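# Report on the structure
Below are the chains, spelled out letter by letter.
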Amino acid sequence: MLSNAVAPRAVSHLMSTQSMLRVEFQFPTSGIASTVFDCCTEATTIELNNALPLIDSRSLIFITVSASEELTIAAEDTELDIVHTQPASAGTHAHYVVASTPLDTIPLVVALATQMAVPHQVTATPANTTATVSVRDWEHLKQVADAIEHEHGSLELLGTTQVDRLSPPLGSEQIRHAMAGQLSASQLELLETAYEMGYFNVPQDATVAELAATLDISPSTLSERLRRVERTLCEVVFGPS
Amino acid sequence: MTTLLLLRTTDHRSAIIETVDTVVSLTEPVYLIRPNKAGSIARLSDDVRARGLCCATTPPTADTTVDALVRYAETVNAGRICVEIRDHTPAGKARVDDLVQGLLLYDDITGKLRVHDHIFVFAELVYA
């Protein structure tokens, strides 16, 4: 993934500062995203999950293509060389797609990597692409904005916030959201409490009895609820049994 | 160091002035700018002065372009520009409107940016 190849350098550079800016911006969709929308007229959004640099100025990209109806990707006669596709989840029209594409068709990724900005989320619609990235400071923001504006013609900043910790790079948020979205608020609270208390540590920092006491429930109730959470997470990974 | 404080709504006034109080020294002048609503300036001035800060009001202006703001900041040699955040995105980021984007990407001004809960603080400004 690009973040494997490039982000670590950027991460180390960013982490040397005490505070960063997380910035959300949008610009007209172009490049490989436009190609995918042209190939799949049913597609509504494309999310970039990862990008790996390859030889010959190409990149292996991992994207999620969401559609309003059954999706057909007909990428013949384009620069997109599809390696693999699979349904993202049952009951939706989203597909994970792995494809090889020339670097010049992913100018945002190249610009962010060149400027050592860390991408967190990149989502495209046929009209606009929205990206959330971390930059070091105001000057770095200007440099990144200049590079993107140069590639895409225009840039609209949507929002910014000050952060003291770097968020996960591309893909991580999607996985977390997918997992967390399957759990109820009380289940998330239970899981977070158990995690924070070190219940899952090896060796354990908190026993079932200690965790149950903190949550003010009986150990047997705690075990039952934890098994329900574990079962739900297994369903996310392996599908319904 | 002179500070320009650009207020844009009547929301969160106390919190904004409280934040300004943490970044401005007592002897430093604060110039309040409230485009098109000069009538509120007097009360805001009182609020600022009540915190012991030195407050100077600016002539009301309808010119709220980035160029005008930067020109004025340079005229009074402002080392700091504080701009009220109008609102936040659903993800909690401070929303960037045209004026703030103009300031953020302005070629002839550099410095340090800090995004607080209710204001952007552009500090240690250097004018090209």
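All values reported here derive from a predicted model rather than from experimental measurement.

Calculation rules
- Residues numbered from 1 in each chain as written.
- Chains lettered and ligands numbered in written order.
- Predicted model: local features only at pLDDT ≥ 70, side-chain atom pairs only at ≥ 80, totals over all residues.
- Heavy atoms only, no water.
- Helix = DSSP H or I, 4+ residues; strand = E, 2+ residues; numbered from the N terminus.
- Areas by Shrake-Rupley, 256 points an atom, 1.4 Å probe, with all protein chains shown as cover.
- pLDDT = per-residue confidence, 0-100.
- Contact = heavy atoms within 4.5 Å.
- Buried area = accessible area lost by both parts, 1.4 Å probe.
- Salt bridge = Lys/Arg side-chain N within 4 Å of Asp/Glu carboxyl O.
- Nonpolar A, V, L, I, M, F, W, Y, C, P; charged D, E, K, R; others polar.
- Pairing = 2+ DSSP bridges.
- Buried < 20%, exposed > 50% of the residue type's maximum accessible area, 1.4 Å probe, protein only.

Looking only at helices and strands, one finds 9 helices and 8 strands in chain A. Of the roughly 12,500 Å² that chain A leaves accessible, carbon and sulfur atoms contribute 52%.

It is worth spelling out the confidence of the model for chain B at this point. Overall, the prediction assigns chain B a mean pLDDT of 83, with 85% of residues at 70 or greater. Overall fold confidence (pTM) sits at 0.74, and the ipTM for the predicted complex is 0.85.

We now examine the interface of chain A and chain B. In this assembly, 19 residues from chain A lie in contact with 21 residues from chain B. Across the interface of chain A and chain B, roughly 1,600 Å² is buried in total on both sides, 60% from carbon and sulfur atoms. Taken as a group, Trp 138, Leu 157 and Thr 160 of chain A account for 41% of the area that chain A buries against chain B, more than any other trio of residues on that side. Remark: the boundary between chain A and chain B carries 0 salt bridges. Per-element tally for the side of chain A that touches chain B: the top contributor is strand E8 (residues 156–163) of chain A, with 7 residues. Tallied by class, residues from the side of chain A that touches chain B come to 7 nonpolar, 6 polar and 6 charged. Looking at chain direction, E8 of chain A and strand E5 (residues 94–95) of chain B are connected through 2 bridges and run antiparallel. Each bridged residue has a counterpart across the sheet, and for Thr 160 of chain A the counterpart in E5 of chain B is Ala 94 of chain B.

Burial within helix H4 (residues 107–114) of chain A is extensive, with 6 of its 8 residues counted as buried. Inspection of H4 of chain A places Pro 107, Leu 108, Val 109, Ala 111, Leu 112 and Ala 113 of chain A among the buried residues, and these make up the whole buried set.

A separate point is the side chain of Thr 193 of chain A. Residue and element names in this part refer to chain A. You can see Thr 193 is positioned in helix H7 (residues 185–197). Residue Thr 193 is classed as buried on the basis of its relative accessible area of 18%. Non-local contacts of Thr 193, meaning those with residues more than four positions away in its chain, are made with Leu 211, Thr 214 and Leu 215.

Let us now look at the pairing of strand E5 (residues 95–102) of chain A. Residue and element names in this part refer to chain A. By the criterion of burial, E5 is predominantly enclosed, with 7 of the 8 residues buried. Across 8 bridges, the pairing between strand E3 (residues 58–67) and E5 is antiparallel. Pairing of Ile 61 across the sheet is with Ala 99, part of E5. As defined by bridge partners, strand E4 (residues 81–87) adjoins E5 across 6 bridges and the pair is classed as antiparallel. Looking at E5, one finds that Thr 85 is bridged to Val 97.

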